[in-house]
Amino acid sequence: MASPLPLVPGGRIGILGGGQLGRMIALAAAPLGLKTHVFAPDPNSPAFDVASERTVAAYEDEAALTLFADAVDVVTYEFENVPAETARLVAAHKPLFPNERALATTQDRLSEKTFLRDLGLPTPAFAPVDDRGSMAAALGAVGRPAVLKTRRFGYDGKGQVLVREGLGIDQAVAMMGGQPAILEAFVPFRAEVSVIAARSRSGEFAAYDVVENRHENHILRSSHVPAAIKPETAASAVAIAKKIAEALDYVGVLGVELFLVDGPAGERVVVNEIAPRVHNSGHWTIEGAETSQFEQHVRAIAGWPLGSTRTRGQVVMTNLLGAEANQWRDLLAEPGAAVHLYGKGAPEPGRKMGHVTRVRN
Ligand code: AMP
């Protein structure tokens, strides 16, 4: 498809996926005079509340996808498990940002890690695991402790097993339930950090300050900016994100999750994974940076100039998980606390129901 023209105010952005990320993209598009059309299978999708148009249909529904693509100027997605066929169909009608290659590379952990290694970027040692034989070979190459992960559909630590001394090969393979997997060396990290960055259609690149992320039960608990990291380490993390974005001809916001490791030569970063979308560890930018990651994503895919990524102070973003969202009244009473509730139904344990951001100057 020929290089598309930039959008003009009144232009229409299609969003595949109706979760809180899609909701916050739609919320950011409105002040820029852009309309959003959310495509999602669940009629209760949180993004529907704030979008101009909606389509409730399955990602496999070709007729609905075609109508959706025809009704918008550009399409993006808010989760990386968009089926390849869905992306292909949409991209045949309208520009898809980030492109199909970014999606295909990042939705399979093996292709993602291979891509990173081929770019010369630091990753944990890894090897594919499909059965008992390849697991034995992978353990020989990677050693213990290691982390066995399903290649696809893993998030928030789901589909992961820590392979310590004593865990049998058969037992570990059985825990993957027959799904293709990848074995990674366990990284003894000091901290987990992320880079939220954007690349525009014209190749302009902008990154936010590096974020430090604290997890509980594999779920993001809080993000802290600036991260406790040396300036040169932060610069190397940003350089990694830039290299990834350029290699994928990426357009939009991406999140790169990294481990911060102490070694004999000082601290360094190792890449864990790439999220081809706006990211939970970038929610702090709504109040804590001069341009939010959601606006930045809209600007990038619209073919517009990127905004300033400058941080406004010391920022902490805390997720409201499950019943924690019931504290909304107390949080609203706290001066300076910015409360975001996603309009979801049942507050199941661990479910991301909202977040609160505190900026100190
Ligand atoms: P992931 O789904 O790959 O982001 O992994 C979820 C979490 O598991 C990460 O945020 C880490 O806390 C932990 N983890 C994943 N891979 C490794 C690894 N290779 N070494 C140590 N911890 C890991």
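Criteria and thresholds
- Residues numbered from 1 in each chain as written.
- Predicted model: local features only at pLDDT ≥ 70, side-chain atom pairs only at ≥ 80, totals over all residues.
- Heavy atoms only, no water.
- UniProt positions renumbered as here; feature names shortened; annotations may be inferred.
- Helix = DSSP H or I, 4+ residues; strand = E, 2+ residues; numbered from the N terminus.
- Rg over C-alpha atoms; globule rule 2.2 N^0.38 Å.
- Buried < 20%, exposed > 50% of the residue type's maximum accessible area, 1.4 Å probe, protein only.
- Contact = heavy atoms within 4.5 Å.
- Areas by Shrake-Rupley, 256 points an atom, 1.4 Å probe, with all protein chains shown as cover.
- Axes fitted to C-alpha atoms, helices over the stretch in contact; angles between N-to-C directions.
- Parallel < 35°, antiparallel > 145°, perpendicular 65-115°, else oblique.
- Nonpolar A, V, L, I, M, F, W, Y, C, P; charged D, E, K, R; others polar.
- Pairing = 2+ DSSP bridges.
- Core = buried A, V, L, I, M, F, W, Y, C linked by side-chain atoms within 4.5 Å.
- Domains from an automatic or database assignment.
- Phe/Tyr/Trp six-rings, centres within 6.5 Å; stacked < 30°, edge-to-face > 60°.

The protein is annotated in an unreviewed UniProt entry as N5-carboxyaminoimidazole ribonucleotide synthase of Hansschlegelia zhihuaiae. Comment text from UniProt for the protein, heading Sequence similarities (unreviewed entry), reads "Belongs to the PurK/PurT family." You can read under Pathway (unreviewed entry) in the UniProt record for the protein the words "Purine metabolism; IMP biosynthesis via de novo pathway; 5-amino-1-(5-phospho-D-ribosyl)imidazole-4-carboxylate from 5-amino-1-(5-phospho-D-ribosyl)imidazole (N5-CAIR route): step 1/2."

### Thoughts on the overall build of the protein
The number of helices and strands found in the protein is 11 helices and 17 strands. Its C-alpha atoms give the protein a radius of gyration of 20 Å, near enough to 21 Å, the size a compact globule of 361 residues would have. Each principal axis of the C-alpha distribution contributes one length, and for the protein these read about 60 × 50 × 40 Å. Across the 361 residues in the protein, those meeting the buried criterion constitute 54%. A separation of at least 24 residues holds for 62% of the contacts in the protein among residues at least 6 apart in sequence. Summed over its atoms, the accessible surface of the protein is roughly 15,300 Å², and 53% of this surface lies on carbon and sulfur atoms.

### Structural notes on the packing of helix H1 (residues 20-29) against helix H10 (residues 293-302)
At their nearest, the axes of H1 and H10 sit 8 Å apart, and the two run at 70 degrees to each other. As summarised for this structure, H1 and H10 are arranged roughly perpendicular, according to the angle between their axes. Here Leu21, Met24, Ile25, Ala28 and Ala29 of H1 lie close against H10, whose contacting residues are Phe294, Glu295, His297 and Val298. Residue composition of the contact of H1 with H10, by class: seven nonpolar, one polar and one charged.

### Let's talk about the sheet that holds strand E3 (residues 53-56)
Strand order in the open sheet formed by four strands is E3-E2-E1-E4, and the pairing between neighbours is parallel. In the strand order of this sheet, the two ends are held by E3 and strand E4 (74-77), each with one partner. Averaged over neighbouring strand pairs, the angle between their axes works out to 20 degrees when direction is ignored. As paired strands, strand E1 (residues 12-16) and strand E2 (residues 35-40) are joined by five bridges and run parallel to one another.

### Thoughts on H1
Most of H1 is tucked away: nine of the 10 residues are buried. Along H1, the residues classified as buried are Gln20, Leu21, Gly22, Arg23, Met24, Ile25, Ala26, Ala28 and Ala29. Residues of H1 that are buried make contact with E1, E2, helix H9 (285-288), H10, strand E16 (337-341) and strand E17 (352-360).

### Comments concerning the nonpolar core
Counting residues in hydrophobic clusters, the biggest one holds 84 residues, and the most contacted among them are Leu16, Ile244 and Leu258. Each of domain 1 (12-97) and domain 3 (191-360) gives at least three residues to this core. Excluding residues within four positions of it along the chain, Leu16 makes contact with Phe39, Tyr59, Leu65, Phe68, Val75, Thr76, Tyr77, Glu78, Phe79, Val82, Thr86 and Val90. Membership of the second largest hydrophobic core comes to 16 residues, among which are Val129, Ala146, Ala172 and Ala181.

### What to know about the packing of aromatic side chains
Scanning all chains against the criterion turns up five aromatic pairs. Judged by centre distance (5.4 Å) and plane angle (40 degrees), the ring pair of Tyr59 and Phe79 falls under tilted. One end of the pair, Tyr59, is in the loop between E3 and helix H2 (62-70); the other, Phe79, is in the loop between E4 and helix H3 (84-93), with 20 residues separating them in the sequence. Centroid distance Tyr208 to Trp284: 5.9 Å. Interplanar angle 80 degrees. Geometry classified as edge-to-face. Of the two residues, Tyr208 sits in the loop between strand E10 (205-207) and strand E11 (211-216) while Trp284 sits in the loop between strand E14 (266-275) and H9, which places them 76 residues apart along the sequence. Residue Tyr208 shares its accessibility class with Trp284, and that shared class is buried.

### Some remarks on the domain arrangement of the protein
According to the domain assignment, the protein consists of domain 1 (12-97), domain 2 (125-185) and domain 3 (191-360). Relative placement of domain 1 and domain 2: their C-alpha centres are 34 Å apart.

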